[in-house]
Amino acid sequence: MTFTPTKFDTLLVANRGEIACRVMRTARRMGLKTVAVYSDADASARHVREADEAVRLGPAAARESYLNIDAVIDAAQRTGTGAIHPGYGFLSENGSFVKALEEAGITFVGPPASAIAAMGDKSAAKARMANAGVPLVPGYHGDDQDDALLRSEADKIGYPVMLKASAGGGGKGMRVVESGDGFQAALDGCRRESKAAFGDDRMLIEKYLVQPRHVEVQVFCDRHGNGVYLFERDCSVQRRHQKVIEEAPAPGMTAELRSAMGDAAVRAAQEIGYVGAGTVEFLLDGSPGQDGSFYFMEMNTRLQVEHPVTEMITGQDLVEWQLRVAMGEPLPYSQDELTITGHSFEARIYAEDPDQDFLPATGLLTRFALDLEGAGLSSDQVRLDSGVESGDAVSMHYDPMLAKLIVHGADRDAALATLNRALAALDVQGVVTNRAFLMRLATHPGFKNVELDTRFIERNEATLFAPRVFSNEDYASAALIGLNQLANECHSDSPWDRHDGFRLNAPHTIRIALCDPASVQTAEGEHAVVTVEGKRNAGESLWILTIGDETLTASVQPLTGDAVAVTLNGYRHRLQARRDGNVVVMADPSGETRLCWRRIDAINHGQHEAESTLTAPMNGTVVALLVAPGMAVEKGMPLMVMEAMKMEHTMTAPANGSVETFHFQAGDTVSQGAVLLDFAANE
């Protein structure tokens with residue numbers, strides 16, 4: 001069936017969250033009517049609120065809603081939709097979905113099904129790329145899957161090698177083999193993982209690059225035979241093969257290398273008859289003596305999560321390009337008309353706890369705001385692509401990405417400084433996020449000095465996750481900020497409601513205990529005690545602080561937004577500051593500081609005792625109970641497994657003892673904070 005593109009006036013976005021909101025923003029600007037689809041879990045989500053129309057797909061489970069092809073097409077037909085934009089994930093690279101849309105006479109904003117299929121099989125794709133003259137990592141991609149032959153090919157390539165599932169993705173069925181001795185065991189493991197995940201245990205083998213950078217090229221093709229590249233992005237900073245911070249252009253890129261990579265990317269796209277936006281991913285060998293060697297890795301046949309950094313440096317709206325190409329229009333610019341201006345970073349804001357092995361987090365976003373004014377920034381410098389607002393719930397059912405923080409500067413240093421300032425100005429309350437971890441990454445000397453490769457986080461784990469050492473200045477600032485905000489929240493004139501240590505005929509005195517929030521959870525560490533004496537004047541607090549043997553004269557001045565100025569012994573420091581429950585959060589371009597704040601008489605000494613119950617750290621589903629009630633267990637022994645957002649979390653024994661009762665069984669849905677079991681510790 002030959003499909004002829006036509007103009008359309010209604011666009012359905014077959015996705016959710018940040019990307020659905022972002023696509024609809026451009027569609028509305030172009031005068032298109034927008035249609036959202038949603039699951040039961042997303043009935044009141046932001047993308048539903050912002051659409052002109054919305055249609056329910058089904059229950060919360062993605063396979064019954066966002067992955068239900070028949071339900072999506074039915075929603076399009078009910079609303080008179082002329083085109084569907086798939087976003088990324090879900091059905092964005094599903095050839096069967098594209099064919100179904102063609103049969104229904106609905107335009108797919110993306111490539112033809114044949115192009116998706118051509119890049120879906122890694123081995124076949126690499127063969128096509130070889131024919132197109134695109135550089136490949138030395139390896140074996142053949143159909144003969146005999147174990148002995150694969151071992152022989154690995155020996156020829158030279159160790160270390162990477163075993164990859166031919167039909168795989170997302171890090172499944174992938175292992176590094178350091179020598180021939182470990183090859184067979186690794187092969188067996190990869191085959192099992194691949195068979196379970198993809199129903200296919202075919203393997204390919206590639207030379208494992210020791211210091212590779214992940215550099216990808218944004219390509220665009222139309223139905224008139226035109227193809228261009230909109231330069232490159234460096235996505236080397238990753239965890240578990242997932243990108244964390246991206247930037248454009250790639251640092252250190254020469255004009256010659258950019259041209260070579262860009263031309264290779266366009267050849268790759270045109271080899272498979274590509275149409276629309278796509279990304280060709282390369283490994284750039286950063287090891288000594290190999291600078292400039294690049295190799296095809298794969299092609300993503302959709303719009304990428306990190307496309308905004310390309311938009312920032314080119315001044316182009318890639319979603320608008322997608323929609324116009326889908327309508328049959330030619331590309332708006334030729335290659336020589338595209339230019340780079342400045343530098344851009346994107347940081348992915350996730351609902352997760354990096355200090356707990358990136359455990360997904362759920363709950364109610366009591367506040368989600370970016371204080372640009374307080375940070376001295378403008379909307380020209382900073383863009384927040386978000387799928388949530390204050391008051392939204394973060395569900396356990398889908399990917400935990402909340403938003404993308406994108407910044408632009410005249411050069412890399414300027415853009416990085418803006419990123420640090422913008423991260424400090426982002427206020428997220430109610431749900432744990434990776435914001436502080438992103439700040440540690442963005443301020444890391446190795447990142448600033450472009451010491452980049454795909455194992456950057458792994459190589460710098462010791463410094464990125466080092467225990468925080470607090471100074472007296474940190475304690476003093478937190479004490480005053482918490483006290484000042486508490487006082488500002490009090491609207492009573494009664495002296496009994498004052499929070500400034502008021503005493504009749506005596507100095508105002510308060511004793512405040514501060515500690516690392518992590519030590520409260522683990523019953524480790526020590527409290528710092530700050531004695532505060534002073535008085536409040538209109539709009540400003542004047543205090544004398546005593547911390548151990550040190551005395552400080554201090555004041556706090558509210559500025560715009562969440563910004564405050566803390567002055568200690570004449571040194572004035574501007575901060576973004578807030579109170580999140582009993583935690584004072586202070587941030588500036590150098591990083592974030594979090595300290596538990598309590599009046600000294602409110603310290604709960606029971607925190608230092610072993611808990612008798614274990615509570616759910618997130619909304620999720622019980623996967624398995626690993627011990628029987630009454631069974632003796634040792635501290636750290638696994639007790640039960642929960643799952644949320646496609647990740648498992650194992651609950652372990654807090655001490656030597658036994659489980660008295662499990663309150664949930666395998667398959668039960670559990671809310672965050674629910675008591676999972678009663679535990680009896682040995683005396």
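Residues numbered from 1 in each chain as written. Predicted model: local features only at pLDDT ≥ 70, side-chain atom pairs only at ≥ 80, totals over all residues. Heavy atoms only, no water.

*Asks:* Could you give me a rundown of the overall build of the chain, with the residues and numbers involved?
*Replies:* Of the regular secondary structure elements, the chain holds 19 helices and 39 strands. In summary, the chain has a C-alpha radius of gyration of 28 Å against a globular reference of 26 Å for 683 residues, a match within 12%. Along the first, second and third principal axes, the C-alpha set of the chain runs to 90 × 60 × 60 Å. Put simply, of all contacts in the chain between residues at least 6 apart along the chain, 63% involve residues at least 24 apart. For the chain, the exposed area adds up to about 28700 Å²; of that, 48% sits on carbon and sulfur atoms. Taken together, the 62 basic and 93 acidic charged side chains of the chain have centroids lying 2 Å from each other. (Helix = DSSP H or I, 4+ residues; strand = E, 2+ residues; numbered from the N terminus. Rg over C-alpha atoms; globule rule 2.2 N^0.38 Å. Contact = heavy atoms within 4.5 Å. Areas by Shrake-Rupley, 256 points an atom, 1.4 Å probe, with all protein chains shown as cover. Lys, Arg positive; Asp, Glu negative; His and termini not counted. Charge placed at Lys NZ, Arg CZ, Asp CG, Glu CD.)

*Asks:* With reference to specific residues and values, describe the side chain of Lys-243.
*Replies:* For Lys-243, the location among the structural elements is in strand β12 (residues 242-248). Looking at Lys-243, its side chain comes within polar contact range of the side chain of Glu-216, at 2.8 Å. A polar contact is formed between the side chain of Lys-243 and the side chain of Glu-306, at a distance of 2.6 Å. The contacts of Lys-243, once residues within four sequence positions are left out, are His-214, Glu-216, Cys-235, Val-237, Gln-238, Glu-281, Gln-304, Glu-306, Arg-348 and Tyr-350. (Polar contact = N/O pair within 3.5 Å; in protein donor to acceptor, adjacent residues only side chain to side chain.)

*Asks:* Describe the packing of aromatic side chains, listing the residues and the values that go with them.
*Replies:* Counted according to the given criterion, the structure contains 13 aromatic pairs. Look at Phe-470 and Tyr-475: their rings are 5.9 Å apart centre to centre, the planes differ by 45°, and that puts the pair in the tilted class. A relative accessible area of 13% places Tyr-475 in the buried class. Above the face of the Tyr-350 ring, Arg-239 is positioned so that its terminal group lies 6.0 Å from the ring centre. The positively charged end of Arg-239 is found above the aromatic ring belonging to Phe-358, 4.4 Å away from the centroid. (Phe/Tyr/Trp six-rings, centres within 6.5 Å; stacked < 30°, edge-to-face > 60°. Buried < 20%, exposed > 50% of the residue type's maximum accessible area, 1.4 Å probe, protein only. Lys NZ or Arg CZ within 6 Å of the ring centre and 35° of its normal.)

*Asks:* Residue-level account of the pattern of salt bridges, with values.
*Replies:* For the structure on display, the rule yields 47 salt bridges. Asp-147 serves as the salt-bridge partner of Arg-191, at 3.1 Å between the closest nitrogen and oxygen. Separated by 44 residues along the polypeptide, Arg-191 in helix α8 (residues 183-198) and Asp-147 in helix α7 (residues 147-157) bring together distant segments of the chain. Of the charged contacts in the structure, one is a salt bridge between Glu-232 and Arg-258, with a shortest N-O distance of 2.8 Å. (Salt bridge = Lys/Arg side-chain N within 4 Å of Asp/Glu carboxyl O.)

*Asks:* Before we move on, can you summarise the nonpolar core with the specific residues and values?
*Replies:* By size, the foremost hydrophobic cluster in this structure holds 62 residues, and its most contacted members are Leu-11, Val-219, Phe-220, Phe-282 and Met-299. Among the elements that line this core, the one with the most residues is helix α9 (residues 255-271), at seven residues. Apart from residues no more than four positions distant in its own chain, Met-299 is found in contact with Glu-93, Met-119, Val-219, Ala-269, Ile-272, Tyr-274, Gly-278, Thr-279 and Val-280. (Core = buried A, V, L, I, M, F, W, Y, C linked by side-chain atoms within 4.5 Å.)

*Asks:* Can you lay out the sheet that holds strand β22 (residues 401-409) for me, pointing to particular residues and giving the numbers?
*Replies:* Strand order in the open sheet formed by eight strands is β14-β13-β10-β11-β12-β15-β22-β20, and the pairing between neighbours is antiparallel. In this open sheet, the two strands that pair with only one neighbour each are β14 (294-300) and β20 (382-386). Put simply, the sheet's adjacent strands are angled 25° from each other on average, direction ignored. Inspection of the sheet shows β20 paired to β22 by five bridges, in the antiparallel sense. Residue pairing across strands places Asp-385 opposite Lys-404, the latter belonging to β22. Set on the sheet, helix α1 (residues 17-29) makes contact with β20 and β22; between it and β20 the angle comes to about 115°. With respect to the sheet, helix α14 (residues 435-442) is in contact with β11 (227-239), β12 and β15 (343-350), its orientation differing from that of β12 by roughly 50°. (Pairing = 2+ DSSP bridges. Axes fitted to C-alpha atoms, helices over the stretch in contact; angles between N-to-C directions.)

*Asks:* Quick one: what's the story with the sheet that holds strand β3 (residues 53-58), residue by residue and with numbers?
*Replies:* Spatially, five strands are ordered β3-β2-β1-β4-β5 in an open sheet, and the strand pairing comes out parallel. With one partner strand each, in any of the chains shown, β3 and β5 (107-108) form the two edges of the open sheet. Strand direction decides the pairing type here: strand β1 (residues 10-13) and strand β2 (residues 33-39), joined by four bridges, are parallel. Note that in β2 the partner of Val-13 across the bridge is Ala-36.

*Asks:* Outline the confidence of the model for the chain, supporting the account with residue identities and numerical values.
*Replies:* Put simply, the chain has an average pLDDT of 89, and 90% of its residues get 70 or more. Taken as a whole, residues 521-525 scores under 50 in pLDDT and shows four contacts with residues more than four places along the chain or in a different chain. Low confidence marks residues 602-611, where pLDDT is under 50. Its contacts with residues over four positions away, or in another chain, come to 10 contacts. (pLDDT = per-residue confidence, 0-100.)

*Asks:* So what about α9? Which residues, and what values?
*Replies:* Across its 17 residues, α9 extends 24 Å between first and last C-alpha, which sits within 8% of the 24 Å expected from 1.5 Å per residue. The complete set of buried residues in α9 reads Leu-257, Arg-258, Met-261, Gly-262, Ala-264, Ala-265, Val-266, Ala-268 and Ala-269. On its buried side, α9 packs onto α5 (113-120), α6 (122-131), β10 (212-221), β11, β13 (276-285) and β14. Backbone geometry just after α9 places Gly-273 at a positive phi near 65°. (Expected span 1.5 Å × (residues − 1).)

*Asks:* Could you give me a rundown of α6, with the residues and numbers involved?
*Replies:* Taken together, the buried positions of α6 are occupied by Lys-122, Ser-123, Ala-125, Lys-126 and Met-129. Seen along its axis, α6 keeps its buried residues to an arc of 160°; they face one direction. Here α6 starts with a cap whose side-chain oxygen sits 3.1 Å from the backbone nitrogen of Ala-124, and that cap is Asp-121. Gly-133 occupies a position one or two residues after α6 and carries a positive phi of about 75°. (Arc of directions from axis to C-beta.)

*Asks:* So, unusual backbone geometry: which residues are in play, and what are the values?
*Replies:* In this chain, Tyr-159 is followed by Pro-160 through a cis amide linkage whose omega measures 0°. Locating Pro-160 in the fold gives a position in the loop between α7 and β7 (161-165). Note the cis peptide between Ala-248 and Pro-249, where omega equals -5°. Structurally, Pro-249 is set in the loop between β12 and α9.

*Asks:* Describe the pairing of strand β9 (residues 203-207), naming the residues involved and giving the relevant values.
*Replies:* The buried count for β9 comes to four of five residues, which makes it a mostly enclosed element. The pairing of β7 with β9 spans five bridges and is antiparallel. From the neighbouring strand, Met-162 faces β9, where its bridge partner is Glu-206.

*Asks:* Give a description of the state of the cysteines that names residues and reports values.
*Replies:* For the structure shown, the criterion picks out zero disulfides. No disulfide involves Cys-235; its sulfur sits 19 Å from the nearest other cysteine sulfur, which is in Cys-221. Judged by its relative accessible area of 0%, Cys-235 falls in the buried class. Here Cys-596 is not cross-linked by a disulfide; its sulfur's nearest cysteine counterpart is in Cys-515, at 4.8 Å. Taking relative accessible area as the criterion, Cys-596 reaches 6% and is therefore assigned buried. (Disulfide = S-S within 2.5 Å.)

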